[in-house]
Structure formats: C-alpha cells, structure tokens
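Chain by chain, the residues:
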Amino acid sequence: MRVMLKSLFLLLATFAVLPAWHSCYGQDTAITGVAQESSEQPQPLSSQKPVATPPATNPSSQRTTTPPPSTTSPSDSLVTTIDAGEMDDDIDNAPRAMAKWNEYRGPHFTAKAGIGFLVDAAANAQDTASKEQITMFPAQRLRDFRFVLGGSFPSLPRRVTWNVGIMYDAPSHSWFIRQTGVMVGVPKLWGNIFIGRSKEGFSLNKVMVGYDGWTMERSTMSDATIPILADGFKWLGYTPKHGFLWNFGYYNDWLSQGQSFSTYHNQTVLRAVWLPIHSDETRTVFHLGVNLRNGSPKQGQLQFRSRPESFTAPYFVDTGKFASTNTKMAGYETYYRKGPLLLGSEFWWVNVSSPSTHNPTIHGGDFVATWCVTGEARAYNTVQGAFREVIPKRPVFSGGFGAVELVARFSDIDLDSGTLQGGKFWRFTPMANWYLTDYLRLVGTYGIGRLDRFNLKGNTQFFQTRLQFEF
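Residues numbered from 1 in each chain as written. Predicted model: local features only at pLDDT ≥ 70, side-chain atom pairs only at ≥ 80, totals over all residues. Heavy atoms only, no water.

> Please set out the overall build of the protein chain residue by residue, giving values where relevant.
Along the protein chain, the regular secondary structure elements total 5 helices and 26 strands. Accessible area for the protein chain stands at about 18800 Å²; split by element, carbon and sulfur atoms hold 64% of it. (Helix = DSSP H or I, 4+ residues; strand = E, 2+ residues; numbered from the N terminus. Areas by Shrake-Rupley, 256 points an atom, 1.4 Å probe, with all protein chains shown as cover.)

> Hey, could you go over the environment of serine 172 for me, with residue numbers and the actual values?
Its place among the elements puts serine 172 in the loop between strand 6 (160-169) and strand 7 (174-177). Between the C-alpha atom of serine 172 and that of serine 260, which follows or precedes it by 88 residues, the distance is 9.0 Å.

> I'd like to hear about the packing of aromatic side chains, residue by residue, with values.
Evaluated as defined, the whole model comprises 26 aromatic pairs. Grouping aromatic residues by their ring pairs yields a cluster made of Trp101, Phe117, Tyr439, Phe469 and Phe471. Sitting over the ring of tyrosine 264, arginine 293 keeps its end group 4.2 Å from the ring centre. Taking NZ or CZ as reference, arginine 307 lies 4.4 Å from the ring centre of tyrosine 315, over its face. (Phe/Tyr/Trp six-rings, centres within 6.5 Å; stacked < 30°, edge-to-face > 60°. Lys NZ or Arg CZ within 6 Å of the ring centre and 35° of its normal.)

> I'd like a rundown of the pairing of strand 6, residues and numbers included.
The two faces of a sheet get side chains in turn, since along a regular strand they alternate between them. The element strand 6 is largely enclosed, with a buried count of 7 among its 10 residues. Across 8 bridges, the pairing between strand 5 (residues 139-152) and strand 6 is antiparallel. Of the residues in strand 6, the one forming a bridge with glycine 150 is asparagine 163. As judged from the 4 bridges shared by strand 6 and strand 8 (residues 180-186), these two strands associate in the antiparallel manner. Bridging across to strand 8, asparagine 163 finds its partner in glycine 181. Examined bridge by bridge, strand 6 and strand 7 share 4 bridges and lie antiparallel to one another. If you follow aspartate 169 over to strand 7, its bridge partner there is serine 174. Remark: 4 residues form the turn of the hairpin made by strand 6 and strand 7, two consecutive strands paired antiparallel; histidine 173 in that turn has positive phi of roughly 55 degrees. (Buried < 20%, exposed > 50% of the residue type's maximum accessible area, 1.4 Å probe, protein only. Pairing = 2+ DSSP bridges.)

> Could you give an account of the sheet that holds strand 21 (residues 380-381), with specific residues and numbers?
Within the open sheet, the 3 strands sit side by side as 1-21-22. Their pairing is mixed. Edge positions in the open sheet fall to strand 1 (78-79) and strand 22 (386-387), since each of these has one partner strand only. Bridge analysis of strand 21 against strand 22 gives 2 bridges, and the strand direction is antiparallel. When the bridges of strand 22 are listed, asparagine 381 appears paired with alanine 386.

> Which residues make up a nonpolar patch on the surface, and what are the values?
On the surface, Ile195, Phe233, Phe248, Tyr250, Leu270, Val290 and Leu292 cluster together to form a nonpolar patch covering roughly 580 Å² of accessible area. For the nonpolar patch, the elements supplying multiple residues, two or more each, are strand 11 (244-252) and strand 13 (284-297). Examined against the element boundaries, leucine 270 turns out to sit in strand 12 (residues 264-279). (Patch = residues over 30% accessible without salt bridge, like charges linked within 9 Å, V, L, I, M, F, W, Y side chains within 5 Å. Salt bridge = Lys/Arg side-chain N within 4 Å of Asp/Glu carboxyl O.)

> Which residues make up the pattern of salt bridges, and what values go with them?
What the rule picks out here adds up to 16 salt bridges. Close ionic contact of arginine 378 with glutamate 405 constitutes a salt bridge, the shortest N to O distance being 2.9 Å. Taken as a pair, arginine 378 in the loop between strand 20 (361-372) and strand 21 and glutamate 405 in strand 23 (residues 403-417) lie far apart in primary sequence, 27 residues in all. The burial state of arginine 378 is the same as that of glutamate 405; both residues are buried.

> Outline unusual backbone geometry, listing residues and values.
What you tend to see is this: most non-glycine residues have negative phi, and most peptide bonds are trans. Despite not being glycine, arginine 283 has its phi angle at roughly 55 degrees, a positive value. Of the residues examined, arginine 283 reaches a relative accessible area of 23% and is grouped as partly exposed. A positive phi angle, close to 55 degrees, is found at glutamine 299, a residue other than glycine. Among the structural elements, glutamine 299 can be located in the loop between strand 13 and strand 14 (301-302).

> Explain the side chain of threonine 357 to me, and be specific about the residues and the numbers.
If you trace the backbone, threonine 357 turns up in the loop between strand 19 (341-353) and strand 20. Setting aside anything within four residues of it in sequence, one finds threonine 357 in contact with Phe322, Ser417, Gly418, Thr419 and Leu420. (Contact = heavy atoms within 4.5 Å.)

> Quick one: what's the story with the pairing of strand 9 (residues 191-198), residue by residue and with numbers?
The element strand 9 is extensively covered by neighbouring structure, given that 7 of its 8 residues are classed as buried. In terms of strand pairing, strand 8 meets strand 9 through 7 bridges, oriented antiparallel. Following the sheet pairing, valine 184 is matched in strand 9 by isoleucine 193. Adjacent in sequence and paired antiparallel, strand 8 and strand 9 are bridged by 4 residues, among which tryptophan 190 carries a positive phi angle near 55 degrees. Pairing geometry for strand 9 and strand 10 (residues 230-239), over 8 bridges, is antiparallel. Bridge pairing in strand 10 links serine 198 to alanine 230.

> I'd love a proper account of the nonpolar core, names of residues and values included.
Counting residues in hydrophobic clusters, the biggest one holds 27 residues, and the most contacted among them are Phe304, Phe316, Trp348, Val350, Ile413 and Phe425. Counting only elements with at least two residues in this core, the list comes to helix 5 (220-225), strand 12, strand 19, strand 23 and strand 24 (420-435). Here the element with the most residues in this core is strand 19; it accounts for 3 residues. Filtering out sequence-adjacent residues up to four positions away, tryptophan 348 remains in contact with Phe202, Ser203, Met221, Ser222, Thr225, Ile226, Met329, Ala330, Gly331, Ile362, His363 and Gly364. One finds Phe194, Tyr238, Val383 and Phe387 within the second-largest nonpolar core, a separate group that totals 26 residues. (Core = buried A, V, L, I, M, F, W, Y, C linked by side-chain atoms within 4.5 Å.)

> Go over the environment of isoleucine 82 with me, naming the residues and quoting the values.
Secondary-structure assignment places isoleucine 82 in the loop between strand 1 and strand 2 (97-100). Exposure remark for isoleucine 82: the relative accessible area of 4% places this residue in the buried category. Spatially, the C-alpha atom of isoleucine 82 lies 8.6 Å from that of asparagine 192, the residues being 110 residues apart in sequence.

> Tell me about the environment of tryptophan 246, and please be specific about residues and values.
Structurally, the position occupied by tryptophan 246 is in strand 11. Residues tryptophan 246 and valine 383 lie 137 residues apart in sequence; the distance between their C-alpha atoms is 8.2 Å. The residues touching tryptophan 246, leaving out its near neighbours within four places in the chain, are Leu189, Trp190, Trp235, Leu236, Gly237, Tyr238, Thr239, Arg271 and Ala272.

Have a look at this one:
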C-alpha cells in the first residue's frame, strides 16, 4: 500500500510541475517532432524522435548543399539519418545561437544536453510453488537515470557526430559510461563508422533505446544473452535503392574491465536486414533480419541469467557460472508495421562450447503486437533498422489527449540444456502506454509467467507501473 501511495504522489507531483516547465521552455511537441536521431535505443543527443526526410541519398554522404530548417509532423513514419548518440536530435541546420537553454549551435561545433529517468513500481501475486522457488516483495525503484551530451561538426566536409552518455546504475549504486563515441559518415562504404562504446547490434529490440521500447523491459532471452554495451567499432551500411541495411561490429574488453556488462573478452557481430516494403506514403514497413554473433567469454567463464521482465524482481532464470571458451549465436527478426499496427517476432539460439556442461544450446525469443489506438505510427529508422518511440499527434499540454498504445507480448526462454539447469520461463504481457507528450510517458502493465525450475512449476502475476521522462 505504501508503494502505491508513493507512486500516486509522484504522478501528482509530475502533473503539477510539468505544465509549468512546459510553458517556461515552450516545449511544444508539435515542433519537437523535428527529427534527427539514432536509437539506444537513450537514445546531438539521442532522443530518437522522427526526423525531417532528407534528399534520397545515402545519409552519410558529404553535404554539398544544406537543406533549409524544417519540421516533421508526427505522421512521418521513416527516418533516414543516424547520429552517434542513443537519443539524438540533429541540430546542424539551425541558425547559430543559443537557441534553447540546453543546446548550442555554432558554425563549427554543436552541442546539446539532455537527461532521462525511469521510475518503476511493482507488486506481484504468487502461487504456492512460485513462493517456494522465488521470494518476491512489492517495490518502487529508480530504474534508470542518465545524462547525455552530443553534437556534430557542421563545417567538416563529411558528417561527423559525437556523443557522451553517463548513467546511474541503481543495482550497483554507481555511475558508468553509456553510449559514448564518434560516428563518421563514409560514403564509399555506403554508410557510417562508429567508434567507441555502443550497442553491439544483435537484435532489433536490443538496438532500440530502452526509452523507445514498447514494453517496460526487453525479453528474458535478450537480457540473459546479449550484453547491453560493448567497446569497439561498428559499420552501419544502407542501400536505399535496394532496401538493404546492415551493421558489422568488432568489440574488445580492454577498456571495459570491471564493468558489469563486460562478460566477453571479444565478440564479432553481423546483422543484415532486408526491407522489401518501406513506404512513408502508406506508412508500411516489412522488416526481415538475420543476426550472427561469435564471442569469447571473459576468463573462460560464462553465466546466463535474467529477471522476469520486471526490474524490481530477483533473477528467475540463472545458470550460475560455468566454464566456456566460445559462444555462437544465430537468430531471426521479422516485423511488419502498417500505420498504427505493429507485429513482430525475434528468436535466437546460443551454442556454447563447454565440454564440462556437454556443449549446451539454449534458446528463446518473443512475439509482439502493438496498436496505437490514437492513430500514430512508430517511426522506423532505415539506417539503424529499428523503431522509435510513439510521438503523439495531439500532446496533452497542447490541449490533446496524447497517444495511447496497447501492447501484447509473449516471451520464452529455455536455459536447460546439457548439464545446465538454469530454468525455463515464459511470460504473457498485456499492457498500455500513454504518451502524454514526446518527453513524458506513463505505463501500466500486467503479466503472468510460469517458471519451471528447482523441480517446481510456479505461476506468478506481475503488476507494474512506470513513469518515464526524457528530453
């Protein structure tokens, strides 16, 4: 009861403060829909909002002409640029001035600062077997708090963007560097080269910034097997004429020693996507992708584990640490978006070189359906190969109702293979997202899951809420 009262107080405080903040700084989301981004999804900065569509050329090509400043309505469904940040907005074409309190636009250098935070509250209901398997309590926690700073160098002959991200990690009570690096447009390679710390590129849903995702958490298989970040380089390519895009990355842990996400000594990732349909006019995207990954675990040890798509919950599936020299991952991703309707699925397998555990193969994935009741379509980035958050056509603080998105997802993971007994878990999650503006989102989630572990099969119901704020 105390947790729910705290959540209610937080929401009331938000509604009391944000309209005044909005009026003070003129954050009209019909204007802020001006686009220019990238994903991790944390999105100069990276707030992954829809962008104005540039001429039909490779987005990394040298700028021989500068398009005039323009705005993009929330109905624009394709984004054709990418920057170095997780949550970035391109400000290259704006006039030189301190145009807003949090950004600078000069002829040779641009910069924009932003923040984001997520606050979660959760409760649960367990049957007898579930209580014997896992001990759970209602809780309210800060899920994510981050600062981002990014920009570009407009006077250079080719597109160069940069980004620095710093995040507070609540479980470890520490700060660490998130996506940080430089992205350079390389026309001769049909794309961009990113150097620094970033998402590996395996899985569309993992590539997306967490703030842009349709669910509160990624699937259990995603969190168990794909590190959130890695240090190295990534080549992102795109051929608009044929609808092909790809990213190839190599990563090494020499800069990330001691970081919680650093579980591999080195890894190589290849993701290839074909867009047989990608029409802004009909707001239709058909996305077909394949993912391949090869990794060498750090210090010859590996562990797969994941929470049940609830940040406040303990780990439900967990193999514990075991000896391993190599992992090979392969999987598919397929998505279809027609206006406000989005259907998708991802699934992959992990083959582990581990003689001591009989070389296990684990697997898992998810199926998802989303529908924007208010008619918005999630923008799709044709360079990054990922979806953005919903941008409401009629924001609440501009006299509208915002945007409402209904979501249903089924996810599954199996960590029982060879001598590994990490457990099996599935979860069905119906939920609703209410986007009051492009920077404020409220989430209500129900989930029911079944854990097969410790020679028991327990059922758990999840009741979750989230307040999300970013700019």
